[in-house]
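Listed here are the chains, written in short residue letters.
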Amino acid sequence: MLHVFLINLVAFTVLGILFVWLRYQLQMQEQALESAHAQLALKGVSR
Amino acid sequence: MIFSFAFNPTAEESRRIAGGLIWVAFLFAAVVALNQTWARELRNQVLDAYRVSPAPPNALFLAKTVGNFLFVVVLEILMAPLFVVFYELRSVGPVWQLLVVALLGTWALVVNGTFFAGLSIRTRNREIMLPLLLFPITIPALLAMVDATTSVLTGEASPDFWIKLLAVYDIVFTALACCSSKVCSTRNEKLALISVPITVALLAYTSYLALIVAPTEQTMGDVQRIFYYHVPSGWVAGLCFFINFVASALYLWKRSPASDALAAASAEVGVVFCAVLLITGPLWARPVWGIWWTWDARLTTTLVLWLIYVSYLVLRRFAAGGQTQVLAAAFAIFGFADVPIVYMSIRWFRTSILRR
C-alpha cells in the first residue's frame, strides 16, 4: 500500500509540474504578445 | 471476417473473443482516420491561419475531436452488423450497456488520437509516430472496453466497474488534452511530445495500482482508495503555493516578468489541486465519519487557503492599474503564511477531528 501511495505521489508531482510548466509557457507567450502590441501602439503614437 | 473464416468459432466462443476482436478492429479503423485528421490543414498553411485566429487552441482541438468522434461512430455503425452476422453475436446482458461502452470507448480512442495526431503532425513518418504514441496510452482504456464488452456479451460479470473506469479515463484524458493543446507551437512542442505521454502513462499506471492492485483496507473498505488521490493533491497544491511564494518574492526583488508568469501559473495549478483536495475529502468523510464536512481546524484552514489563492487570482484578473503584479506578489507572500498553519493545525489545535 505504501509503495502505491508513494508512486501516486510522484505521479501527481510530475503532473503538477507539467501543468505549471505548460501554463508558464502560455503566460510568457501572452506577455510577449502584450509587449509587442504595446510597442506597436507606441510606434503609432510617435508617428 | 478473416478470423471468422479461419477459425469458424461457435456462438459461445464468439461471445468470449468478440470484445477483443471488435475493439482491435475499431482501433485500427480509427487510427487510419485519425492519421489524416490534421493533414488537410497542412496544405496552404491553413493550420497557421487557425493559430493566428482569436479562437483558443483547445476549442479547435475539441471541434476536431467531436468531428473525429462522429466519423468513427459512423464507421462503427457500419462495421457492427458485420460482427453480428459473422460471429452470430447475441448479447446476454443488457444491450444499452454495450452502447455506453461503445460511446465511452470511442471517445477515449478519439480524444487521445486527435491529440497525438496534432503533436506528431510535423514529424517525419507521422503515420508510424501516431500508433507508437497512441497504443501505449490507450492500453488501460482498451482493457476496460474489451472486458466491459465481454461482460455484457457473456452476461457472466457486471461491467459496471469497467464502465466507471472508462468514464474516469475519458474525463482525465480530455482535461489533459484540452490543457496541453494550449501550447501547440515553438520549441516547447518537442518537450511536450515527450513529457505529456510519459506523464499520462505514469498516471494510467498509478491509477491501475491504486484502483486494482492495492489491497482493500479492512476498516474503511474501498473508500480508503481515495487517499491515493486526496493526499497527493494536497502535496501538489502545497508545492505549487511554495513555488508561487518564491516566484512572488523574486518578482518583488528583481521585477522579472518571468517570475510573475511563474507565480501566476503556479497559483492557478495550486488552486485546481487544492479544489481536488477539498472535493475528495468530503467524499471520503461521508462514509467514514458519517458527515460531509465539519469545521475542524485542518479542514477550515485548507478552505481558507483555497479562498486566499482564489482571491489572488481574482486580484490578478480584475485589478486595474500598473501595480497589479506588485500587489499580487505582496498578497501571495502573506497568503503563503496559511500553508504552514494548514500543515501544523493537527498539532496546534485540539479541535482537529483528524487528530483523533
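Residues numbered from 1 in each chain as written. Chains lettered and ligands numbered in written order. Predicted model: local features only at pLDDT ≥ 70, side-chain atom pairs only at ≥ 80, totals over all residues.

Caption draft 1: Spatial organisation of the overall build of chain B. For chain B, the helix and strand inventory stands at 14 helices and zero strands. Helices (α) and strands (β) of chain B occur, in sequence order from the N terminus, as α-α-α-α-α-α-α-α-α-α-α-α-α-α. By residue count, 36% of the 356 residues in chain B fall in the buried class. Residue pairs at least 24 apart in sequence account for 76% of intrachain contacts in chain B once pairs closer than 6 positions are excluded. (Helix = DSSP H or I, 4+ residues; strand = E, 2+ residues; numbered from the N terminus. Buried ≥ 20, exposed ≤ 12 C-beta atoms within 10 Å, placed from the backbone. Contact = placed C-beta atoms within 7 Å.)

Caption draft 2: Up close: the overall build of chain A. The secondary structure content of chain A amounts to one helix and zero strands. Among the 47 residues that make up chain A, the fraction classed as buried is 23%.

Caption draft 3: The interface of chain B and chain A, seen in detail. Chain B puts 33 residues into the contact, and the matching count from chain A is 23 residues. Taken together, the elements giving at least two residues each to the side of chain B that touches chain A come down to α8 (160-180), α9 (188-213), α10 (227-254) and α11 (257-289) of chain B. Broken down by element, the residue count for the side of chain B that touches chain A peaks at ten residues, all from α11 of chain B. Taken together, the residues of the side of chain B that touches chain A sort by class into 24 nonpolar, seven polar and two charged. (Nonpolar A, V, L, I, M, F, W, Y, C, P; charged D, E, K, R; others polar.)

Caption draft 4: The arrangement of helix α13 (residues 324-335) of chain B in detail. Residues and elements named next belong to chain B. Here α13 spans 16 Å end to end across twelve residues, near enough to the 16 Å set by a 1.5 Å rise per residue. Where α13 is concerned, the buried positions are Q325, A328, A329, A332 and G335. Looking down the long axis of α13, one finds its buried residues gathered within 125° of arc, a one-sided arrangement. Each element contacted by the buried residues of α13 is listed here: α10, α11, α12 (297-318) and α14 (338-348). (Expected span 1.5 Å × (residues − 1). Arc of directions from axis to C-beta.)

Caption draft 5: Molecular detail of the nonpolar core. Judged by nonpolar contacts, the single largest core of 85 residues is most densely connected at V101, A108, L166 and C240 of chain B. When sequence neighbours within four positions are dropped, the list of residues in contact with V101 of chain B reads M145, A148, T149, V152, P159, I163 and L166 of chain B. (Core = buried A, V, L, I, M, F, W, Y, C linked by C-beta atoms within 7 Å.)

Caption draft 6: Main features of the packing of α10 of chain B against α11 of chain B. Residue and element names in this part refer to chain B. For the pair α10 and α11, the least separation of the axes is 7 Å and the interaxial angle reads 155°. When the interaxial angle is binned, α10 and α11 end up roughly antiparallel. Handedness of the α10/α11 crossing: left-handed. Here the residues of the contact of α10 with α11 sort into 18 nonpolar, ten polar and two charged. (Axes fitted to C-alpha atoms, helices over the stretch in contact; angles between N-to-C directions. Parallel < 35°, antiparallel > 145°, perpendicular 65-115°, else oblique. Left-handed = near helix turned anticlockwise from the far one by under 90°.)

Caption draft 7: Region of interest: helix α5 (residues 57-87) of chain B. Residues and elements named next belong to chain B. End to end, α5 covers 43 Å across 31 residues, agreeing with the expected 45 Å (1.5 Å per residue, within 8%). Within α5, the axis deviates most sharply at M79, by approximately 25°, and proline P81 lies no more than four positions further along. Taken together, the buried positions of α5 are F61, K64, T65, N68, V72 and Y87. Looking one or two residues beyond α5, the residue adopting positive phi is E88, at roughly 50°. (Bend = angle between axes of the 7 residues up to and from the residue.)

Caption draft 8: Expanded view of the confidence of the model for chain B. All names here are of chain B. In the predicted model, chain B carries a mean pLDDT of 82, and 88% of its residues have values of at least 70. Across chain B, element-level confidence peaks in α10 with a mean pLDDT of 92 and bottoms out in helix α1 (residues 2-7) with 64. Confidence estimates for the predicted assembly give a pTM of 0.56 and an ipTM of 0.87. (pLDDT = per-residue confidence, 0-100.)

Caption draft 9: Region of interest: the environment of N68 of chain B. Residues and elements named next belong to chain B. When you line up the elements, N68 lands in helix α5. Take N68: there are 23 C-beta atoms within 10 Å of it, and that puts it in the buried class. When residues no more than four places from it in sequence are discounted, the contact partners of N68 are A33, L34, T37, V110, G113 and T114.

Caption draft 10: Representation of the packing of α5 of chain B against helix α6 (residues 95-119) of chain B within the structure. Residues and elements named next belong to chain B. The contact between α5 and α6 brings their axes to 9 Å, and the two run at 130°. Overall, the two elements α5 and α6 adopt an arrangement that is oblique. In this structure, α5 crosses over α6, and the sense of that crossing is right-handed. Judged by residue contacts, F61, K64, T65, N68, F69, V72, V73 and E76 of α5 engage A102, T106, W107, L109, V110, V111, G113, T114 and G118 from α6. Taken together, the residues of the contact of α5 with α6 sort by class into nine nonpolar, six polar and two charged.

Caption draft 11: Seen up close, unusual backbone geometry. Residue and element names in this part refer to chain B. Of note in the backbone geometry, R255 takes a positive phi value of approximately 55° without being a glycine. Within the fold, R255 resides in the loop between α10 and α11. Classification of R255 as exposed rests on a count of 12 C-beta atoms within 10 Å.

Caption draft 12: Broad picture of the environment of L250 of chain B. Position of L250 of chain B among the secondary structure elements: in helix α10. Along the primary structure L250 of chain B and D260 of chain B are separated by ten residues, whereas in three dimensions their C-alpha atoms are 8.5 Å apart.

Caption draft 13: Quick look at the environment of I243 of chain B. Within the element layout of this structure, I243 of chain B appears in helix α10. Each residue touching I243 of chain B, except ones within four places of it in the same chain, is listed here: V20 of chain A together with L262 and S266 of chain B.

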